[in-house]
Amino acid sequence: MPSAPVLDIPYSPTTGPLLAVRDLTVEYATPRGSVGAVDNVSFDVAAGEFLGIVGESGCGKSTLLFAIAQLLSPPAGITAGSVTFKGRNLVGMTDKQLGAVRWREMSVVMQSAMNAFNPVKTIGSQFRDVLRAHDTKDDIAKRSQEVMRLVGIDPVHLGSYPHQLSGGMRQRAMIAMALLFTPDLVIMDEPTSALDVVAQRSLMVQTKELQRELGFAIIFVTHDMSLVSHFSDRLIVMYGGQMAEAGATRKVFDTPAHPYSKGLLEAFPSIRGPRVPLLGIPGSPPDLASPPPGCRFAPRCPSVMPSCTQIEPPLYNVDEVLVRCLLHAEEGALHG
């Protein structure tokens, strides 16, 4: 398999990118054989950047995040590629080596805080466990109170159990835990999926304010296109385990280049402009145990050409947006 193109994100030439994912491939071992959940994905994340990753269920978003954080468990495993964080390749590190990186330099906010928190321990006791695990010299009570105030929660709730908090408060408490050591990168796996629209907006505004204040980078996975449209700097659209389109968020939203990106945008309502009917994408995502030949989106694509079912498209650079589509073979330059 040829080396995957890299999503170029501006960064300091003296320090390099904060995170560099190169040719990352993740497979699941199943009775039917290997299932490629992430296929040869490459991108960079700059310090202080907000990178959004979107796509349907099963496109590989969460698997990609777990691979970056080295949280995969059998039957999943990284079969190729590297994840270089601050100059160190995390792939192949021992648990002890990874333990020195997690929480202090890179933290993860899980999809459901109710499941991520221990239900029989208070929020404060779980904060203490994290701080003690890293032999912190800080005043544990003081630091716990500081991060709770950062996310707008009264420190009195350090004595609360997870079920005693609302959904929005639990997610903010999860973000507070992720910020205990002020890491350089926070990975967020659909943290707003269980919240109502008002709570989602409040959580995202607060997260963006914390990012501006503390300077950490964010990788944010979601199904909600409207969220990433307002808060992310750059966007990756995943389909069938591959990167279908990537570029500046505003450019992808204003002029989507891939038919799949257009389909996603037509499937959610806009609060501005004329009324237009909402359209779904026909068909189902590909079976990654036996993906279709050629372009993986071809069986569902309204713009499919005969060559699409025979040729696997590379990524083309079209006006600083990377797009995996043969429609742009003539106007775009091969990237990588």
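Below, the structure is looked at part by part. From a predicted model like this one, the values you see are computed outputs, not experimental measurements.

A short note on the pattern of salt bridges
For the structure shown, the criterion picks out 12 salt bridges. Residues Glu-105 and Lys-86 are paired through a salt bridge, measuring 3.0 Å at the closest nitrogen-oxygen approach. In this pair, Glu-105 sits in the loop between α2 (95-101) and β6 (106-109) while Lys-86 sits in the loop between β4 (76-85) and β5 (88-89), placing the two residues 19 residues apart along the sequence. With relative accessibility at 15%, the residue Glu-105 sits in the buried group. Overall, Lys-86 belongs to the partly exposed group, its relative accessible area being 38%. A salt bridge links Lys-208 to Asp-233; its shortest N-O distance comes to 3.9 Å. Placement of Lys-208 in helix α7 (residues 197-214) and of Asp-233 in the loop between α8 (225-231) and β9 (234-239) is noted, with a sequence separation of 25 residues between them. Residue Lys-208 is classed as buried on the basis of its relative accessible area, which comes to 11%. On the basis of relative accessibility, which here comes to 38%, the residue Asp-233 falls in the partly exposed class. Within the structure, one salt-bridge network assembled from shared partners comprises Lys-86, Arg-88, Glu-105 and Asp-184.

Structural notes on the packing of aromatic side chains
Enumeration over the complete set of coordinates arrives at four aromatic pairs. Ring plane angle 55° and centroid distance 4.6 Å describe the contact between Tyr-239 and Tyr-260, whose orientation is recorded as tilted. Here Tyr-239, found in strand β9, pairs with Tyr-260, found in helix α10 (residues 259-266); they are 21 residues apart in sequence, far enough to count as distant. Consider the rings of Tyr-260 and Phe-297, whose centres lie 5.3 Å apart with planes at 65°: the pair is edge-to-face. Of this pair, Tyr-260 sits in helix α10 while Phe-297 sits in the loop between α10 and β11 (316-318), and the two are 37 residues apart along the sequence. Overall, Tyr-260 belongs to the buried group, its relative accessible area being 0%. For Phe-297, a relative accessible area of 3% translates into the label buried. One aromatic cluster is present, built from ring pairs that chain together Tyr-239, Tyr-260 and Phe-297.

Thoughts on unusual backbone geometry
Omega for the bond connecting Pro-74 with Pro-75 falls within 30 degrees of zero, at 15°, which places this linkage in the cis form. You will see that Lys-86, though not glycine, has its phi angle at about 55°, which is positive. Even without being a glycine, Glu-320 presents a positive backbone phi close to 70°. Structurally, Glu-320 is set in the loop between β11 and β12 (321-323). Of the residues examined, Glu-320 reaches a relative accessible area of 62% and is grouped as exposed.

Examining the packing of helix α6 (residues 167-178) against α7
The N-to-C vectors of α6 and α7 enclose an angle of 15°; their axes lie 11 Å apart at closest approach. Taken together, the axes of α6 and α7 are roughly parallel relative to one another. In the packing of α6 onto α7, the handedness of the crossing is right-handed. Along its contact with α6, which presents Gln-171, Arg-172 and Ile-175, the element α7 presents Leu-203, Gln-206, Thr-207 and Leu-210. When its residues are assigned to classes, the contact of α6 with α7 shows three nonpolar, three polar and one charged.

Considering the environment of Gly-168
Relative to the helices and strands, Gly-168 resides in helix α6. Its relative accessible area of 17% is what places Gly-168 among the buried residues. Measuring from C-alpha to C-alpha, the distance between Gly-168 and Asp-196 comes to 8.7 Å, with 28 residues separating the pair along the chain.

Observations concerning the environment of Thr-207
As for its placement among the helices and strands, Thr-207 is situated in helix α7. When the C-alpha atoms of Thr-207 and Ile-218 are compared, they prove to be 9.5 Å apart, with 11 residues separating the residues in sequence. Excluding anything up to four places from it in sequence, Thr-207 contacts Ile-175, Met-188, Phe-216 and Ile-218.

Topic: the side chain of Glu-245
Here Glu-245 lies in strand β10 (residues 242-248). We note that Glu-245 is buried and unpaired, the nearest opposite charge coming from Lys-262 at a distance of 8.3 Å. Polar side-chain contacts of Glu-245 include one of 3.0 Å to the backbone nitrogen of Ala-257. In contact with Glu-245, other than residues within four places in its own chain, are Leu-235, Ile-236, Val-237, Val-252, Thr-255, Pro-256, Ala-257, His-258, Ser-261, Val-321, Leu-322 and Val-323.

About the criteria used
Residues numbered from 1 in each chain as written. Predicted model: local features only at pLDDT ≥ 70, side-chain atom pairs only at ≥ 80, totals over all residues. Heavy atoms only, no water. Salt bridge = Lys/Arg side-chain N within 4 Å of Asp/Glu carboxyl O. Helix = DSSP H or I, 4+ residues; strand = E, 2+ residues; numbered from the N terminus. Buried < 20%, exposed > 50% of the residue type's maximum accessible area, 1.4 Å probe, protein only. Phe/Tyr/Trp six-rings, centres within 6.5 Å; stacked < 30°, edge-to-face > 60°. Axes fitted to C-alpha atoms, helices over the stretch in contact; angles between N-to-C directions. Parallel < 35°, antiparallel > 145°, perpendicular 65-115°, else oblique. Left-handed = near helix turned anticlockwise from the far one by under 90°. Contact = heavy atoms within 4.5 Å. Nonpolar A, V, L, I, M, F, W, Y, C, P; charged D, E, K, R; others polar. Lys, Arg positive; Asp, Glu negative; His and termini not counted. Polar contact = N/O pair within 3.5 Å; in protein donor to acceptor, adjacent residues only side chain to side chain.

Function cannot be read off these values alone, since they describe shape.
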